[in-house]
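Summary of the model geometry
Spelled out, the chains give:
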Amino acid sequence: MGRIAIKNNIFYFCEEGGERVLLDCNDFLSNRSRVPLHSLQGSVTIPGILLDLIRQQEEYLMEYLLVDVLMVPYLMRSPLPVKVLEIGCMNGMMSYHIATLLGKFHRESKLCCVCDAIGNESGNDWVDRVAAVEEPPKLSLFVTDYDDIQLRDNHFDIVVINGFAYFDKPFDMIKEAKRLLKGGGMMLHYSHCHTLLQDSLRFEFPGSEEYILDSQSSVIMVQDKENVRLQRENGHWTEIAGECMAKAEQALENGMEKEEIRALVGELDRRIDDAIAGGEPELKLRLIRKKEQLLDRLFEASQ
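The model shown is predicted, which means the values in this text are computed figures rather than measured ones. (Residues numbered from 1 in each chain as written. Predicted model: local features only at pLDDT ≥ 70, side-chain atom pairs only at ≥ 80, totals over all residues. Heavy atoms only, no water.)

**A closer look at the pairing of strand β4 (residues 83–87)**
- Within β4, four of the five residues are buried, which leaves it mostly tucked inside the rest of the structure.
- In this region the chain leaves β4, passes through helix α3 (residues 93–105) and returns to the parallel neighbour strand β5 (residues 110–115); the handedness of that crossover is right-handed.
- Relative to strand β7 (residues 156–163), β4 is paired through four bridges, and the arrangement is parallel. In the strand pairing of β7, E86 is matched with V160. (Buried < 20%, exposed > 50% of the residue type's maximum accessible area, 1.4 Å probe, protein only. Helix = DSSP H or I, 4+ residues; strand = E, 2+ residues; numbered from the N terminus. Right-handed = clockwise from strand over helix to strand, strands pointing away. Pairing = 2+ DSSP bridges.)

**Side note on the pattern of salt bridges**
- Counting across every chain of the model gives 18 salt bridges.
- In this structure, the salt-bridge partner of R271 is E267, at a minimum N-O distance of 1.9 Å. One end of the pair is R271 and the other is E267, both in helix α9 (residues 258–277) and four residues apart, which spans about a single turn.
- A network of salt bridges, in which partner residues are shared, links R32, D269 and K291. (Salt bridge = Lys/Arg side-chain N within 4 Å of Asp/Glu carboxyl O.)

**Concerning the sheet that holds strand β8 (residues 181–192)**
- Strands sit in the order β6-β5-β4-β7-β8-β10-β9 across an open sheet of seven strands; the sheet is mixed. Sheet topology places β6 (138–143) and β9 (209–212) at the edges, where each strand pairs with a single neighbour. Going across the sheet, the axis of each strand differs from the next one's by a mean of 15 degrees, ignoring polarity.
- Contacts between helix α5 (residues 170–180) and the sheet are confined to β4, β7 and β8, with β8 contributing the most and set at about 145 degrees to the helix.
- Each of β7, β8, β9 and β10 (217–223) touches helix α6 (residues 195–204); the most contacted strand, β8, lies at about 155 degrees to it. (Axes fitted to C-alpha atoms, helices over the stretch in contact; angles between N-to-C directions. Contact = heavy atoms within 4.5 Å.)

Right, dumping it as structure tokens:
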């Protein structure tokens, strides 16, 4: 059984076998977001956001805090908006936490929450919960069957499966979640008294990381690195990086819509990670320069 501990600005998951570092708030170089890890002026910081969420919520603190802390490193990697899908948003508590994080990191991020029932007799408290978010991202509520979610393939950066909801066909729902997740994306699954759902996720993603809170509750994290791994093994990732820089040059010369530029910056971020992992410092610097030029263009367009 485990719990979260905070020591010297580092969030740990403590369990019988030892400690696992979840989030190192002293690692300044890992933060590409617009929210600082520390501030001498008393402004909003990443540790401050997480601690505020603890203080605001009195129920299920450990479960929601664990999902928050696991999500933050992904949000730190991008200065741009992200798209998040929550499957099973009936009580709205998880939605509140996710919306608060996204709003603080980037107000243009999008949170799509999926449920299979709504109305006065459904027990759906989503609207009341998210209405309390002070700086919300772009929010939407989608009512559909969990095993047949009519949304676009490979669309979401993060998919959160909220195990407080009941899923008639857990394995089919996980297949849907996998279909909706982008390559290189992240899936988080919080389970409470739903062993079939846990087993289905373990079967589909045998390399996932699991954080056991107690005999009934756990959080499972899946990071989709398969696409990047295959690109490296097949020797194509440098070609893809070159194509990405060519697209960036075209965007700088001929112009693109803001959304297209944002997507291209996200692609450059992934290629930068490839260059670091592949030991190509010169290529990494070229990619970073293109990314910075695009960000400057976005800033000019917003003035």
